[in-house]
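# Residue-level structural notes
The residues making up each chain are set out below.
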Amino acid sequence: MRRFAGLWERGRTRDLPELDEVTAWLRDHLPKSGAPSIVHGDFRIGNLIFQGTSVAALLDWERAGWGHPLYDLGYLCLPGMRHGDRIGGLMTESELRSLWRDVSGDELDIEQVAFFRCMSIFTELVNCVRALVNYTQGRGRASLLRILPLIVRLENDVLAAIE
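Here the residue numbering is sequential within each chain, running from 1 through the sequence in written order. Since the coordinates come from a predicted model, pLDDT governs what is reported: local features require at least 70, and pairs of side-chain atoms require 80 or more to be given and counted, while whole-chain, interface and lining totals use all residues. As a rule here, side-chain values come from all non-hydrogen atoms in the structure, and water together with hydrogens is ignored.

## So, the nonpolar core
Nonpolar cores are built from buried Ala, Val, Leu, Ile, Met, Phe, Trp, Tyr and Cys residues. Side-chain atoms within 4.5 Å join them into one set. Categorising residues by exposure relies on relative accessible area from a 1.4 Å probe, with only protein chains included: less than 20% of the type maximum marks a residue as buried, more than 50% marks it as exposed, and the intermediate range marks it as partly exposed. Counting 36 residues, the largest nonpolar core has Val22, Leu26, Leu73, Cys118, Leu125 and Val158 as its most contacted members. Elements represented by at least two residues in this core include exactly helix H2 (17-28), helix H3 (71-76), helix H5 (110-136) and helix H6 (144-162). Strands are runs of DSSP state E lasting at least two residues, helices are runs of H or I lasting at least four, and both sets are numbered from the N terminus onward. When residues of this core are assigned to their parent elements, the largest contribution, twelve residues, is made by H5. Aside from chain neighbours lying at most four places away, what touches leucine 73 is Leu96, Trp100, Leu108 and Val113. Here, two residues are considered to be in contact whenever any of their heavy atoms come within 4.5 Å of each other.

Printed below as a string of structure tokens:
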């Protein structure tokens, strides 16, 4: 949270009260941190290699770091990764809760997952805005036609997430 809020503060080129509102919401709803775990940072079906029906490998670790164990689950729940009612194209929320309970023995804290979903949207939005700034300054390789609609969608998603 601190890292991306700091990136937003240092990289902003104008005032965007909506994103200040999101940053404040995230700070106000920050869950208690437990023992940190390895966080992939881009956990999605496109980064999995399957062997039959089993996961054989998880690719693209450049965003990995230490963080809350639910961060990757929140990322997987991004609105853009849903396919109908299926989270990440894999399972419904009910199936996810059941699987979590079966594997961990604990109930899945949906409020914490919602926080990390919002945090993931914010993180993606900050990355896109930074890519746009780099583009306008002649740095980077972002495609303007791809990044602008994504920024609009992510801004709408993150504002909906805090309502």
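## Regarding H6
Here a helix's expected span is defined as the number of its residues, less one, multiplied by 1.5 Å. In this model H6 runs 27 Å from its N-terminal to its C-terminal C-alpha over 19 residues, within 8% of the 27 Å that 1.5 Å per residue would give. Residues of H6 that are buried: Ile147, Ile151, Leu154, Asp157, Val158, Ala161 and Ile162. Seen from one end, H6 has its buried residues packed into an arc of 140°, which puts them on one side. Buried residues along H6 sit in contact with H2 and H5. Taken from the helix axis, the directions to the C-beta atoms give the arc we talk about.

## Examining the packing of aromatic side chains
Two descriptors summarise a pair of aromatic rings, namely the distance from one centre to the other and the angle between the planes of the rings. Side-chain rings of Phe, Tyr and Trp, where Trp is taken by its six-membered ring, are said to pair if the distance between their centres is within 6.5 Å; with planes under 30 degrees apart they count as stacked, over 60 as edge-to-face, and otherwise as tilted. Per the counting criterion, the structure on display carries three aromatic pairs. Where tryptophan 25 meets phenylalanine 115, the ring centres are 6.3 Å apart and the plane angle is 20°; that geometry is what we call stacked. You can see tryptophan 25 sitting in helix H2 and its partner phenylalanine 115 sitting in helix H5, a full 90 residues away along the chain. Residue phenylalanine 115 is classed as buried on the basis of its relative accessible area, which comes to 3%. Judged by centre distance (6.2 Å) and plane angle (80°), the ring pair of tyrosine 71 and phenylalanine 116 falls under edge-to-face.

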